[in-house]
Amino acid sequence: MVTDMAISVLVTRTLRSDRPVSVLVEFPRDTRLGPILPGPAIELGSMAFEFDEEYAAVVSAADAEIFAPETLPADPLPDL
């Protein structure tokens, strides 16, 4: 989970990944998530985390928000 303050790695149950049960580790928000490794996976600290390929764009966008905000598209609904 990425917020404006931190990056939290959540622990879930094997068959119920939609409900976190605890926080494994937290990193400051200015921690770079990429580059995305084959798998897809990312390395945070000394740990590697695999994730579904459909979330690769989200991981890249989270990095861009902090390290290259000028590359993000304009918000299509800025009043919401």
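Residues numbered from 1 in each chain as written. Predicted model: local features only at pLDDT ≥ 70, side-chain atom pairs only at ≥ 80, totals over all residues. Heavy atoms only, no water.

Give a description of helix 1 (residues 56–67) that names residues and reports values.
If you check helix 1, its first and last C-alpha atoms are 16 Å apart, about what twelve residues at 1.5 Å a residue would give, namely 16 Å. Residues of helix 1 that are buried include every one of Ala56, Val59, Ala62, Asp63 and Ala64, and no others. For helix 1, the secondary structure elements touched by its buried residues are strand 3 (41–44). (Helix = DSSP H or I, 4+ residues; strand = E, 2+ residues; numbered from the N terminus. Expected span 1.5 Å × (residues − 1). Buried < 20%, exposed > 50% of the residue type's maximum accessible area, 1.4 Å probe, protein only. Contact = heavy atoms within 4.5 Å.)

How would you sum up the layout of surface pockets? Please name residues and give values.
In this structure, the largest pocket encloses a volume near 660 Å³. Along its surface, the largest pocket is lined by 22 residues, and Met1, Ser8, Leu10, Glu50 and Phe51 are the ones closest to its centre. Counting only elements with at least two residues in the lining of the largest pocket, the list comes to strand 1 (6–12), strand 3, strand 4 (47–50) and helix 1. Of all the elements, strand 1 adds the most residues to the lining of the largest pocket, at five residues. When its residues are assigned to classes, the lining of the largest pocket shows 15 nonpolar, three polar and four charged. (1 Å grid on protein atoms, 1.4 Å probe; cavity = no way out; pocket = protein on both sides within 12 Å on 5 of 7 lines; lining within 4 Å. Points joined across faces, edges and corners; volume = space filled by probe spheres on them. Nonpolar A, V, L, I, M, F, W, Y, C, P; charged D, E, K, R; others polar.)

Function-wise, these values are silent; they only describe arrangement.
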